[in-house]
Amino acid sequence: MKPTDEVLAERRARVAKRWELTDEVVVLRAGEPASWSGTDQHFAFLPHPDIAYLTAVGSPGTTLAFDAAAGEWELFGPRFTSERLVWEQPPTPVGQPLDELGAWLEQRGERTVIELGAGAAMPQALPSSAAPDKADTPDADTADAAAETAPGDNADEHADASTEATVLRLSAAIALERMTKDDAELDDIRQAAAASTAGFEWVYQHAAPGMTEREIQVGMEAQFYAAGAPRVAYDSIVASGPHGAYLHYVYAGDDPLRPATRTVEAGDLLLIDAGAQFGGYASDVTRTMVVGADPTDEQEFLWKLVLSAQQQTIDMCRPGIVWKEVHLAAARILGAGLVELGVLQGDPAELVSAGAVALFFPHGLGHLLGLSVHDITSIPYSREPSDDPVLSKLGPDRVLGPGMVTTVEPGIYFIDALLCDPARREKFAESVVWERVDELRGFGGIRIEDDVLVTDGDPEVLTAAIDKPIRIG
Ligand code: GLY
Ligand code: MN
Ligand code: MN
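Residues numbered from 1 in each chain as written. Chains lettered and ligands numbered in written order. Predicted model: local features only at pLDDT ≥ 70, side-chain atom pairs only at ≥ 80, totals over all residues. Heavy atoms only, no water.

Some remarks on the overall build of the protein
Along the protein, the regular secondary structure elements total 15 helices and 17 strands. For the protein, the proportion of its 473 residues judged to be buried stands at 51%. Considering only residue pairs separated by 6 or more positions, the protein has 74% of its internal contacts joining residues 24 or more positions apart. (Helix = DSSP H or I, 4+ residues; strand = E, 2+ residues; numbered from the N terminus. Buried < 20%, exposed > 50% of the residue type's maximum accessible area, 1.4 Å probe, protein only. Contact = heavy atoms within 4.5 Å.)

Written as structure tokens, this is what we have:
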């Protein structure tokens, strides 16, 4: 649902309050399409999520400006020349013509202009002290903290550091608002989920041995579009058999010019991680099933294990819990299952902290979802980067709160790149039963993923309508 003008005004007012600016001018840009090098073509365009959130529009060039002294927002949108209108339909006209932005800025004289969105110069090394969670704590002055941790002694470096710190602080303020979804946003996520449901239903009814991964992908995505989704939220992953062990296996990932595709065989695991997008909002769903045969004992054991880990950790998605704890709970459940299967040996909690479970569950349990499938990732996490095998891929260890939407996506994979590495084999000689692992090479992977809304009560699974069959075809 497109947010009303009133809702947009509320979003902007909340952001302006967090910014606490007095005199500056902020310019938030949607960006421009990325060009396909060597041609006059461009890739499909999506606006920077911060401007999509604050305006609900976003043709290339769209710019939202804020005059802090006046407390006023001004929207500028592109208008096409008649020459351009011969080739392209006009973008929906919004706000003032973009051509007038320059004059608007000149009227504001010498005041500091801060570029955000696609125009922002985000620092490469982000101080964890400026993380949005911390920006939300009353005793943290994030601008000062970010400036303090920025390097440099001479005046120029100080200027750069202070600009970066300001960009970071203001971007983090928008992120904090985007982290909690309002009703209009939830409505779009629900519509994205509904379109995804149509696609998965098609898979359940049509996918069968003898079809290629590509045929299944195309058939599924056709249903996303038929259900009203303008596009997919990310490249669909349709991975059969051993391909399920590549976490982000996508069509044409091997060769953009002449992509290969695999024909699904009876008894294969088929891992599909796909989601429709609606109103700019993503859905992100994974189902794994055996095609055209009853599951083997190992397929069934691991499928039920992953499902159990997912169910238990979805139930933990409640206000106040730190995401890292939810992730570690999933890892312990999966670790205990791998011990039962004879792949690991030892105490599950110790196997998690040693990194042995991460050989088979090498990604974070989930991520926030919204205007980007991996939402709010351009701002720092609330901890320093880590080499820890368990935590390095975790993503943000934020405290969950009502209105946040997170994916919950445990998985077990048999990944050659990890499991055939001699250094890892030596390091985990005691805790991994390598003969058992060798029996399971080529197994692929099992992931089950849903989109979960944290509420004041029980978590709400926004993708609950998408069935979880263990066998199709
Ligand atoms: N679809 C990518 C992910 O699950 O994070
Ligand atoms: Mn996914
Ligand atoms: Mn995901």
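Details of the coordination of the manganese ion (ligand 3)
Those donors, Asp284 (OD), His367 (NE2), Glu409 (OE) and Glu449 (OE), are the protein atoms that reach the manganese ion (ligand 3), and they lie 2.0 to 2.2 Å from it. Viewed at the metal, the six donor atoms of the manganese ion (ligand 3) are separated by angles of 49 to 155°, and the geometry they form is irregular. Positions of the donor residues of the manganese ion (ligand 3), expressed as sequence spacing, correspond to D-x82-H-x41-E-x39-E. In this structure, the manganese ion (ligand 3) is positioned 3.2 Å from the manganese ion (ligand 2), and both are ligated by aspartate 284. Of the two residues, aspartate 284 sits in the loop between strand E10 (281-282) and strand E11 (285-291) while glutamate 449 sits in the loop between strand E14 (445-447) and strand E15 (450-453), which places them 165 residues apart along the sequence. (Donors = N, O, S within 2.8 Å, 3.2 Å for Na, K, Ca; no water. Tetrahedral: all angles 85-135°; square planar, octahedral: opposite > 155°, others 65-115°.)

Observations regarding helix H1 (residues 5-19)
The end-to-end C-alpha separation of H1 is 21 Å, in line with the 21 Å expected for 15 residues at 1.5 Å each. Among the residues of H1, those classed as buried are Leu8, Arg11, Arg12, Val15, Ala16 and Trp19. Seen from one end, H1 has its buried residues packed into an arc of 130°, which puts them on one side. Turned more than 90 degrees away from the buried face of H1 sit Glu6 and Lys17, all of them exposed. Positioned one or two residues after H1, glutamate 20 has a phi angle of 55°, which is positive. (Expected span 1.5 Å × (residues − 1). Arc of directions from axis to C-beta.)

Some points on the coordination of the manganese ion (ligand 2)
Protein coordination of the manganese ion (ligand 2) is provided by Asp273 (OD), Asp273 (OD), Asp284 (OD) and Glu449 (OE), with donor distances spanning 2.0 to 2.4 Å. Coordination at the manganese ion (ligand 2) is irregular: its six donor atoms span angles of 57 to 171° at the metal. Between consecutive donor residues of the manganese ion (ligand 2), the sequence gaps follow D-x10-D-x164-E.

Some details on helix H11 (residues 323-341)
The end-to-end C-alpha distance of H11, which contains 19 residues, comes to 27 Å, matching closely the 27 Å that a straight helix rising 1.5 Å per residue would cover. Positive phi appears at glycine 342, one or two residues downstream of H11, with a value of about 85°.

So, the pattern of salt bridges
Going through the model one piece at a time under the given rule, you end up with 26 salt bridges. A salt bridge links lysine 181 to aspartate 375, with the nearest nitrogen and oxygen atoms 3.0 Å apart. Here the residue lysine 181 occupies a position in the loop between helix H7 (155-179) and helix H8 (183-206), and aspartate 375 occupies one in the loop between helix H12 (348-354) and strand E12 (405-408), the gap between them amounting to 194 residues. For lysine 181, a relative accessible area of 7% translates into the label buried. In this structure, arginine 447 engages aspartate 273 in a salt bridge whose closest nitrogen and oxygen atoms are separated by 2.9 Å. With arginine 447 in strand E14 and aspartate 273 in strand E8 (residues 269-274), this residue pair connects regions lying 174 residues apart in the sequence. Among the residues examined, arginine 447 registers a relative accessible area of 3% and is labelled buried. Take aspartate 273: its relative accessible area is 4%, and that puts it in the buried class. (Salt bridge = Lys/Arg side-chain N within 4 Å of Asp/Glu carboxyl O.)

A few points about unusual backbone geometry
Leave glycine aside and you will find that most residues have negative phi; peptide bonds, for their part, are mostly trans. Despite not being glycine, glutamate 20 shows a phi value in the positive range, around 55°. Within the secondary structure layout, glutamate 20 lies in the loop between H1 and strand E1 (25-29). Residue classification places glutamate 20 among the exposed positions, given a relative accessible area of 65%.

What about the packing of aromatic side chains?
Here the structure, examined in full by the defined rule, presents eight aromatic pairs. On the numbers, 6.4 Å between centres and 55° between planes, the contact of phenylalanine 200 with tyrosine 204 is tilted. Taken together, the positions of phenylalanine 200 and tyrosine 204, both in helix H8 and four residues apart, correspond to about one turn of that helix. For the pair phenylalanine 200 and tyrosine 204, one class covers both residues: buried. For the pair tyrosine 246 and tyrosine 249, a centre-to-centre distance of 6.5 Å together with 25° between the ring planes defines the contact as stacked. With a relative accessible area of 54%, tyrosine 246 lands in the exposed category. Linked through ring pairs, Trp19, Phe66 and Trp73 together constitute an aromatic cluster. Stacked on the ring of phenylalanine 80, the Lys or Arg arginine 84 has its end atom at 3.8 Å from the ring centre. The lysine or arginine in question, arginine 108, covers the ring of tryptophan 104, its NZ or CZ lying 3.9 Å from the ring centre. (Phe/Tyr/Trp six-rings, centres within 6.5 Å; stacked < 30°, edge-to-face > 60°. Lys NZ or Arg CZ within 6 Å of the ring centre and 35° of its normal.)

Some words on the packing of H8 against helix H9 (residues 213-226)
A pair of packed helices is captured by two measures, namely the crossing angle of their axes and the spacing between those axes. It is the contact of H8 with H9, at a shortest axis distance of 7 Å, that shows an interaxial angle of 145°. As H8 packs across H9, the resulting crossing turns out to be right-handed. Where H8 approaches H9, its residues Ala195, Ser196, Ala198, Gly199, Phe200, Trp202 and Val203 are matched on the opposing element by Glu215, Ile216, Gly219, Met220, Gln223 and Phe224. Across the contact of H8 with H9, the residue classes break down as eight nonpolar, four polar and one charged. (Axes fitted to C-alpha atoms, helices over the stretch in contact; angles between N-to-C directions. Left-handed = near helix turned anticlockwise from the far one by under 90°. Nonpolar A, V, L, I, M, F, W, Y, C, P; charged D, E, K, R; others polar.)

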